[in-house]
Amino acid sequence: MAASNQKSQAAAEQLREKGHQAVDWIARYLERAPNFPVLSPVSAGDILRSLPQNPPSQPESFQAILKDLDDKILPGITHWQSPNYFAYFPANSSPPSVAGDLLSSGLAVQGMLWATSPACTELEIRMLDWLVEMLDLPRHFLSTSTGGGVIQDSASSANLCAVLAGRERATQFDSNENGCDHRLTAYTSTQAHSSMEKAIKVAGIGRKNLRLIEVDENFRMNPAALAAAIAKDKREGRVPCFVGATVGTTSTLAIDPIPEIGTICREHNVWLHVDAAMAGTAALCEEFRYIHDGLDLVDSYCFDCHKWMFTNFDCTCFYVRDRKELTETLTITPEYLRNAASASGAVVDFRDWHIPLGRRFRALKLWCVIRSYGVEGLRAMVRHHVKLTNMFVDWLKADGRFEIVAPVSLSLVCFRLKGPDSANEALLQKLNSSGRIFLSHTKLNGKFTLRFSVGQTYTEEEHVRNAWELIQQHAAVPAMAAR
């Protein structure tokens, strides 16, 4: 026992030393992040060549490791935590979230079963219920109903679980036993995230059986086209099993008409899943809750706390109307996992709610974030980012060189220089190679379009204003070349 205590005490002292150094390094990094080139300027293989080909045979000091972190790793980092990051969607962090993740790592529990750490499961249940209240989600997503929620690693995994549950409901759970019925069909819009297509492939439904539904002029799924596609497949003897709708598409943050889509899915008894990965957080604010109109009609729903809610990756909240349809799809219980608590039926085993068996204590960082900022603090963040976005829109509209090519939704602006794609491609390259900001692009109606996404934890008006001045500066040369 004494030897065991000595080992624990030694480990504690080692953690105090290395932990303080690591936290200090992270704090210094956050101070320096605004001054780094946002997009890493390294070339392919640069980092690899800087690293030894063989592992060290003897222990090295943590100071040496941190020095190499500065000298060899940091040059290859694209700085998602820079306030000058405006690309893709944010992958936010915050001091309470980092601390929560550290606490989770220190406890290092494996929460596959309630019995393997009851607090891991029960804190997660409470956090998911808190979020139902915070976002005013349908009451059937509460743990006290027939449904409930679970934390997944990403919206991609949540989308896959929804596809699997829809597949099994359509086949009365026969696909799990006898393999996938090749008459199954699934539906999503041409603007849906690529993870929808991947999920259809992984689930064995097959890409050829995924119907990409056309969108309207605002890049929202066309309900009439969806209804026609389902009706056609049923006439041909196929079995529609899944519809994936989006609240906040990746390219434009378009919001599919969920009430109309939900009515169609109810009519045909097709599983309806809503992916609100980025936009869902906006429902913290009452004035933005229109994004969830029709959500009472859906079978499952997900959004990412790790995009716009100060919680570092990974933390996706996934809800289902009927938990049994999900757990019966995914559960497998070998003898070595059997235990009295699970057998009693009085506890939740989240291993049955997603693909992997193992699971981390993700709820701990979410708990730290919600308690540290409070609901009002999180709402203030969303409103601030939307205000900054609208300022950027006003500046764009006042400059006749630019056009806004999609309806502005929440915190994303899709814009371009009037003229050929080449001018816009050159503008994006100049902006990103400057190191001062980072933007990404998409194609809308065949036109190369720049995306300006406001949502990084530390972004303020000065950063948006500086970005706009840089865009104006670099737009001058491409605009002249385009003429």
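Residues numbered from 1 in each chain as written. Predicted model: local features only at pLDDT ≥ 70, side-chain atom pairs only at ≥ 80, totals over all residues. Heavy atoms only, no water.

1. Quick word on the overall build of the protein
Here is the rule we go by: A run of DSSP states H or I qualifies as a helix once it reaches four residues; a run of E qualifies as a strand once it reaches two. Both are numbered from the N-terminal end. This radius of gyration counts C-alpha atoms alone. The globule rule is 2.2 Å times how many residues there are, raised to the power 0.38. Three exposure classes are used, based on accessible area relative to the maximum for each residue type with a 1.4 Å probe and protein chains only: buried under 20%, partly exposed in between, and exposed over 50%. The contact definition used throughout considers only heavy atoms, calling two residues in contact when any of these lie within 4.5 Å. Accessible areas in this description were obtained via Shrake-Rupley with a 1.4 Å probe; residue shielding takes into account the shown protein chains only. Working convention for charge: Lys and Arg count positive, Asp and Glu count negative, and His plus the chain ends are omitted. A charged residue contributes its charge at one atom only: NZ of Lys, CZ of Arg, CG of Asp or CD of Glu.
On a plain count of helices and strands, the protein comes out with 16 helices and 11 strands. Taking 2.2 N^0.38 as the reference for a compact globule, 483 residues should give roughly 23 Å; the C-alpha atoms of the protein span a radius of gyration of 24 Å, in line with that estimate. Projected onto its principal axes, the C-alpha positions of the protein cover 75 × 65 × 45 Å. In the protein, which comprises 483 residues, the proportion classed as buried is 52%. The contacts in the protein between residues at least 6 apart in sequence include a share of 74% that link residues at least 24 apart. When the accessible surface of the protein is split by element, carbon and sulfur atoms take 54% of a total near 22,100 Å². Averaging the coordinates of the 50 positive side-chain charges in the protein and doing the same for the 53 negative ones gives two points 3 Å apart.

2. Quick notes on helix H14 (residues 363-397)
Our working definition: Here, expected helix span is obtained from the residue count minus one, scaled by 1.5 Å. One axis fitted to the seven residues ending at a residue, another fitted to the seven starting there: the angle between these axes is the bend at that residue.
Across its 35 residues, H14 extends only 42 Å between first and last C-alpha, which sits more than 12% below the 51 Å expected from 1.5 Å per residue. Of all bends in H14, the biggest is about 85°, found at Gly-374.

3. Observations regarding the sheet that holds strand E9 (residues 412-417)
Applicable threshold: Pairing between two strands requires that DSSP report at least two bridges joining them. Axis angles are defined between N-to-C directions and span 0 to 180 degrees, where every axis is a line fitted to C-alpha atoms and, for a helix, only to the segment in contact.
Reading across the sheet, the four strands line up as E8-E9-E11-E10 and stay open at both edges, with antiparallel pairing between neighbours. In this open sheet, the two strands that pair with only one neighbour each are strand E8 (402-404) and strand E10 (440-444). On average, each strand axis in the sheet is inclined to that of its neighbour by 40°, with strand direction left out of account. As judged from the four bridges shared by E9 and strand E11 (residues 447-453), these two strands associate in the antiparallel manner. Each residue of the ladder has a partner; that of Val-413, found in E11, is Phe-452. Its contacts with the sheet place helix H15 (residues 421-433) against E8, E9, E10 and E11, and it is angled at close to 35° to E11.

4. Regarding the nonpolar core
Defined as follows: Here, nonpolar core refers to any group of buried Ala, Val, Leu, Ile, Met, Phe, Trp, Tyr and Cys residues whose side-chain atoms link them within 4.5 Å.
Core analysis: the biggest nonpolar cluster contains 69 residues, and Leu-131, Leu-135 and Tyr-301 have the highest contact counts within it. At nine residues, the largest contribution of residues to this core is made by H14. Not counting the four nearest positions on each side in its chain, Leu-135 is found in contact with Gly-280, Ala-283, Leu-284, Arg-289, His-292, Tyr-301, Phe-303 and Met-309. Counting 31 residues, the second largest nonpolar core, distinct from the first, contains Ala-158, Val-239, Phe-242 and Ala-277.

5. Overview of the pairing of E9
Within E9, six of the six residues are buried, which leaves the element mostly enclosed by the surrounding structure. Of the two faces of E9, the one holding Leu-412, Cys-414 and Arg-416 and the one holding Val-413, Phe-415 and Leu-417 are both buried throughout. Judged from the three bridges that link them, E8 and E9 form a sheet pairing that is antiparallel. Each bridged residue has a counterpart across the sheet, and for Phe-402 the counterpart in E9 is Leu-417.

6. Some points on unusual backbone geometry
Here the bond from Phe-313 into Asp-314 is cis, since omega is 15°, no more than 30 degrees from zero. With respect to the secondary-structure elements, Asp-314 resides in the loop between helix H11 (305-308) and strand E7 (316-320). Phi at Asn-269 takes a positive value of approximately 55°, unusual for a residue other than glycine. Notably, Leu-410 is not glycine yet its phi reads approximately 55°, a positive angle. Its place among the elements puts Leu-410 in the loop between E8 and E9.

7. Brief notes about the state of the cysteines
In plain terms, the rule: What counts as a disulfide here is a pair of cysteine sulfur atoms lying within 2.5 Å.
This model, assessed by the stated rule, comprises zero disulfides. Free cysteine Cys-241: the closest other cysteine sulfur is in Cys-180, separated by 7.4 Å. With relative accessibility at 1%, the residue Cys-241 sits in the buried group.

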